[in-house]
Amino acid sequence: MKRIMLFVAVVAASVWSAKLFGQNSDYIQAMKETLALVDSAKTDDEVKDCIARFERIGVSESDRWEPQYYQAFLWIHLAYRSKDGDQIDNLLDKAQICIDKAKELNPDKSELYALQGWLYQARITVNPMRGMTYSGKAAEVLQKSLELNPSNPRAHFLMGMNFYYTPKMFGGGTKKALPYFERADKLFKASATEDLKPKWGMATNSRMIKVCKKSS
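Every chain begins its residue count from 1, and numbering advances along the sequence as written. For a predicted model such as this one, the threshold for reporting local features is a pLDDT of at least 70, and the threshold for listing and counting side-chain atom pairs is 80 or more; totals across whole chains, interfaces and linings nevertheless cover every residue. Side-chain calculation: all heavy atoms of the structure are included, whereas hydrogens and water are not.

Draft legend 1. A look at the packing of aromatic side chains. Only the six-membered ring of Trp is used, alongside the rings of Phe and Tyr, when aromatic pairs are assigned; centres must lie within 6.5 Å, and planes under 30 degrees apart are stacked while those over 60 apart are edge-to-face, with the rest tilted. With the rule as written, the count across this model stands at 11 aromatic pairs. Plain terms: the ring middles of Tyr69 and Tyr70 are 5.1 Å apart, the flat faces sit at 85 degrees to each other, and that makes the pair edge-to-face. In this structure, Tyr69 and Tyr70 share a single accessibility class: buried. Look at Tyr164 and Tyr165: their rings are 4.9 Å apart centre to centre, the planes differ by 85 degrees, and that puts the pair in the edge-to-face class. On the accessibility criterion, Tyr164 (23% relative accessible area) is partly exposed. In our convention, an over-ring charge means Lys NZ or Arg CZ found within 6 Å of a ring centre and within 35 degrees of that ring's normal. A cation over an aromatic ring shows up here: Arg64 above the ring of Tyr27, its NZ or CZ 4.2 Å from the ring centre. Residue exposure (1.4 Å probe, protein chains only): buried if accessible area is under 20% of the type maximum, exposed if over 50%, otherwise partly exposed.

Draft legend 2. Representation of the environment of Gln87 in the model. Each helix is a run of H or I in the DSSP string that is no shorter than four residues. Each strand is a run of E no shorter than two, and both are numbered from the N terminus. With respect to the element layout, Gln87 can be found in helix H4 (residues 85–105). Classification of Gln87 by relative accessible area gives partly exposed; the value is 40%. Considering only alpha carbons, one finds Gln87 and Val126, 39 residues apart in sequence, at a separation of 9.4 Å.

Draft legend 3. Up close: the nonpolar core. Working definition of a nonpolar core: buried Ala, Val, Leu, Ile, Met, Phe, Trp, Tyr and Cys residues. They are joined through side-chain atoms within 4.5 Å. Core analysis: the biggest nonpolar cluster contains 55 residues, and Ile76 and Leu115 have the highest contact counts within it. For this core, the element with the most residues is helix H3 (residues 66–81), which contributes nine residues. By definition, residues are in contact when any of their heavy atoms lie within 4.5 Å. Setting aside residues no more than four positions away along its own chain, Ile76 makes contact with Leu92, Ala95, Ile99, Leu115, Trp118, Leu119 and Ala122.

So this is what it looks like as structure tokens:
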């Protein structure tokens, strides 16, 4: 009897492992296909189509943080494209909901705090008077991102952006920003290219290094 029970347990475990592997494989494939569409998306409608795809993946894989992360990333991306203040805030509100959901699933993730910092910086584009408030909030979460992972290139890049757009009289400027951009550049080049790992920011960071060096 004990041998029979052991055999049943082994078979059940094998079936469960195979099913889990299959689900994980399908999930990764769906994410990779959608990320490829993100890379080729040009119009707002194409970006929104990618958001809808990530949303559907997130519904079927409710314990995964990555679909929420990339939805938030794309809502923020659309916000930076917009020139309408109300629309920007609306898009960022949608992004915030996704970030909050992702934090519940993976609250210690350095990438989520970096993304939160990028969102705070986008709030400033609505009205420069928001700078004092949201620049400080961005610096706080970016510092947290760096504490969790000092090798996160996006955290260094966005911290550099924070200093770049902060007036010199308040401790900002190109000289303060450049070391962060240069550090980010090294980390971007050394980053592992994992399937679902965020990869954005390198091109803009490279451009900001040139801008800072030209200004100094």
